[in-house]
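One letter stands for each residue in the lines below.
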Amino acid sequence: MKILATILSYPSFYLLYWVSRYIYLSTVDSSTTVEDIVSAEWVIAGSSCGLVCFVNYLVFDSSSVFIGAIMVFITSAAIYMPYSLGLVVVYNISCLGCITYSIWKK
């Protein structure tokens, strides 16, 4: 059951992220700066990860209810770092690690 949850949680995280990102980008007007868009993308990804972690907590009743809060701290640090491909890769790996931890931690 946990293997299936892991396989389903990763695509659901990215699907939730892309849908939320699309909704946000459809509301952007001409006065929005690039920094605002980048900051919003970090927040959307972190909150999507936190939501998937919370759903996994409810399903498996694990002791990792606050694992999504780690993504809040990582997101708040990533917003102020210089934007690079390496940072995006490390951020996505940390999101997937938090999701995996929320499923497998008992």
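Residues numbered from 1 in each chain as written. Predicted model: local features only at pLDDT ≥ 70, side-chain atom pairs only at ≥ 80, totals over all residues. Heavy atoms only, no water.

## Focus: the overall build of the protein chain
Check the secondary structure of the protein chain and you find four helices and zero strands. Counted from the first residue to the last, the protein chain has its helices and strands arranged as α-α-α-α. Whereas a compact globule of 106 residues would reach a radius of gyration of roughly 13 Å, the protein chain reaches 14 Å, a difference of no more than 12%. Taking the principal axes of the C-alpha coordinates as reference, the protein chain spans close to 45 × 25 × 20 Å. The proportion of buried residues among the 106 residues of the protein chain is 32%. Taking contacts inside the protein chain between residues at least 6 apart in sequence as the whole, the part at least 24 apart equals 76%. Of the roughly 6600 Å² of accessible surface on the protein chain, 75% is carried by carbon and sulfur atoms. Where the 4 positive side-chain charges of the protein chain centre and where its 5 negative ones centre are 24 Å apart. (Helix = DSSP H or I, 4+ residues; strand = E, 2+ residues; numbered from the N terminus. Rg over C-alpha atoms; globule rule 2.2 N^0.38 Å. Buried < 20%, exposed > 50% of the residue type's maximum accessible area, 1.4 Å probe, protein only. Contact = heavy atoms within 4.5 Å. Areas by Shrake-Rupley, 256 points an atom, 1.4 Å probe, with all protein chains shown as cover. Lys, Arg positive; Asp, Glu negative; His and termini not counted. Charge placed at Lys NZ, Arg CZ, Asp CG, Glu CD.)

## Digging into the nonpolar core
By size, the foremost hydrophobic cluster in this structure holds 19 residues, and its most contacted members are C49, Y91 and I99. Going through the elements one at a time, α1 (2-26), α2 (34-60), α3 (67-79) and α4 (85-104) are the ones with two or more residues in this core. Of all the elements, α2 adds the most residues to this core, at seven residues. Those residues in contact with Y91 that lie beyond four places of it in its chain are W42, A45, G46, M71, I74, T75 and A78. (Core = buried A, V, L, I, M, F, W, Y, C linked by side-chain atoms within 4.5 Å.)

## Examining α2
Residue pairs three or four apart in sequence face the same way in an α-helix, which turns once every 3.6 residues. The end-to-end C-alpha separation of α2 is 39 Å, in line with the 39 Å expected for 27 residues at 1.5 Å each. Residue D61 follows α2 closely and has a positive phi angle near 50°. (Expected span 1.5 Å × (residues − 1).)

## A few points about the environment of E35
Relative to the elements of secondary structure, E35 occurs in helix α2. Separated by 48 residues in sequence, E35 and Y83 place their C-alpha atoms 9.9 Å apart.

## What about α3?
Counted at 1.5 Å a residue, the expected span for α3 with its 13 residues is 18 Å, and the 19 Å between its end C-alpha atoms agrees. Where α3 is concerned, the buried positions are I67, G68, M71, T75 and A78. Projection of α3 onto a plane perpendicular to its axis shows the buried side chains occupying an angular sector of 100°, all on one side. Facing away from the buried side of α3, by more than 90 degrees, are the exposed residues V72 and F73. Looking at the packing, one finds that the buried side of α3 touches α2 and α4. (Arc of directions from axis to C-beta.)

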